[in-house]
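Close look at the chain arrangement
Each chain is listed here by its residues.
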Amino acid sequence: MQFDGVNEKSLVLVKPDAIQRGLIGQVVSRFERKGLKLVGMKMMGLDDEILTAHYSHLADKPFFPSLAKFMKSSPVIAMCWEGLEVVNAVRELCGITKAREAEAGSIRGDFAMSVSCNVVHASDSVENGEIEVGRFFEDDEIHSYKKSEYEHVYAEDEK
Ligand code: DAT
Ligand code: MG
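Source: prediction; values computed, not measured. (Residues numbered from 1 in each chain as written. Chains lettered and ligands numbered in written order. Predicted model: local features only at pLDDT ≥ 70, side-chain atom pairs only at ≥ 80, totals over all residues. Heavy atoms only, no water.)

1. Overview of helix α2 (residues 24-34)
Those residues of α2 that sit buried are Val-27, Val-28, Arg-30 and Phe-31. Along α2, the residues classed as buried sweep out an arc of 145° about the axis, all on the same side. Packed against the buried residues of α2 are β1 (7-14), β2 (37-44), β3 (76-84), α5 (86-94), α6 (107-111) and β4 (120-122). Directly beyond the C-terminal end of α2, a positive phi value near 105° is found at Gly-35. (Buried < 20%, exposed > 50% of the residue type's maximum accessible area, 1.4 Å probe, protein only. Helix = DSSP H or I, 4+ residues; strand = E, 2+ residues; numbered from the N terminus. Arc of directions from axis to C-beta. Contact = heavy atoms within 4.5 Å.)

2. Here's the deal with α5
Within α5, burial applies to Val-86, Val-87, Ala-89, Val-90, Leu-93 and Cys-94. One side of α5 holds all its buried residues, which, seen down the axis, span an arc of 165°. Among the exposed residues of α5, those pointing more than 90 degrees away from its buried face are Asn-88 and Glu-92. The inward-facing, buried residues of α5 contact β1, α2, β3, α6, β4 and α7 (126-136). Of the residues trailing α5, Gly-95 is marked for its positive phi of about 85°.

3. Looking at the packing of aromatic side chains
For the structure on display, the rule yields 2 aromatic pairs. Centre to centre, the rings of Phe-31 and Trp-81 are 5.4 Å apart; their planes meet at 35°, and the pair counts as tilted. Residue Phe-31 is found in helix α2, and its partner Trp-81 is found in strand β3; the two are separated by 50 residues along the sequence. Considered together, Phe-31 and Trp-81 belong to a single accessibility category, that of buried residues. Seen in terms of ring centroids, Tyr-150 and Tyr-154 are 5.0 Å apart; in terms of plane orientation they differ by 80°. Their pairing is edge-to-face. (Phe/Tyr/Trp six-rings, centres within 6.5 Å; stacked < 30°, edge-to-face > 60°.)

4. Topic: the sheet that holds β3
Read from one edge of the open sheet, 4 strands run β2-β3-β1-β4, paired in antiparallel fashion. Taken across any chain shown, the strands that pair with only one partner, and hence form the sheet edges, are β2 and β4. Neighbour to neighbour, the strand axes of the sheet diverge by 20° on average, direction disregarded. Sheet topology note: the β2/β3 ladder contains 7 bridges and is antiparallel. Bridging across to β3, Met-44 finds its partner in Val-76. Packing of α2 onto the sheet brings it into contact with β1, β2, β3 and β4, and relative to β3 it is tilted by some 10°. (Pairing = 2+ DSSP bridges. Axes fitted to C-alpha atoms, helices over the stretch in contact; angles between N-to-C directions.)

5. Comments concerning the site of ligand 1
What surrounds ligand 1 is the set Lys-15, Tyr-55, His-57, Leu-58, Phe-63, Leu-67, Arg-91, Thr-97, Arg-108, Val-115, Ser-116 and Asn-118. Asn-118 places a polar side-chain atom, nitrogen or oxygen, 2.9 Å from an oxygen atom of ligand 1. When isolated, ligand 1 has an accessible area of 520 Å², and the protein chains bury 76% of it. Each residue belonging to the shell around ligand 1 can be placed in one class, and the counts come to 5 nonpolar, 4 polar and 3 charged. (Near = heavy atom within 4 Å. Polar contact = N/O pair within 3.5 Å; in protein donor to acceptor, adjacent residues only side chain to side chain. Areas by Shrake-Rupley, 256 points an atom, 1.4 Å probe, with all protein chains shown as cover. Nonpolar A, V, L, I, M, F, W, Y, C, P; charged D, E, K, R; others polar.)

6. A closer look at the pattern of salt bridges
Under the definition given, this model contains 8 salt bridges. Residue Lys-72 pairs with Asp-48 through a salt bridge whose shortest N-O separation is 2.8 Å. In this pair, Lys-72 sits in the loop between α4 (64-71) and β3 while Asp-48 sits in helix α3 (residues 48-54), placing the two residues 24 residues apart along the sequence. Overall, the relative accessible area of 44% leaves Asp-48 in the partly exposed class. Among the ionic pairs, Lys-147 bridges to Glu-149, the shortest N-O distance being 2.8 Å. One network of salt bridges, with partners in common, ties together Lys-9, Lys-37 and Glu-82. (Salt bridge = Lys/Arg side-chain N within 4 Å of Asp/Glu carboxyl O.)

See below:
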């Protein structure tokens, strides 16, 4: 562990619209250039079981069936990003849900126009970050390593 302070994990999914549009590299690059540490990454197909758990807060919404169909329309890229207060940092990088109103410069603001086809998922709280990483990854798929870049990404009192 490189941090003595708050070291969080965020689950990020590159959604099927971004897979189809060839945006995987550009999405990953946004998190890399920010200075975040990638500690888990895989391509996986989602089924109803994992989607019902992942989107349990939306299960009774009328759009849930079409959301689930969309999320099963191709594999996704699941990633775990780590860093100091990373959950909020990742949400800021992604932008708001309704992509056509998302701030320019954010991932959704730069790459999408839709509410549902909005390129990425990101955990919305520290607690959900832990839960979602546990849902999408086995323990041995999350890696612990020292990132030399941290010497320049963080100040002494932030490491
Ligand atoms: P976010 O992905 O920004 O955390 P959320 O958790 O409220 O947003 O919803 C999860 C996903 O569900 C969202 O990325 C796209 C889809 N969704 C949300 N609201 C929707 C709506 N009104 N119509 C269609 N899809 C919606
Ligand atoms: Mg959400």
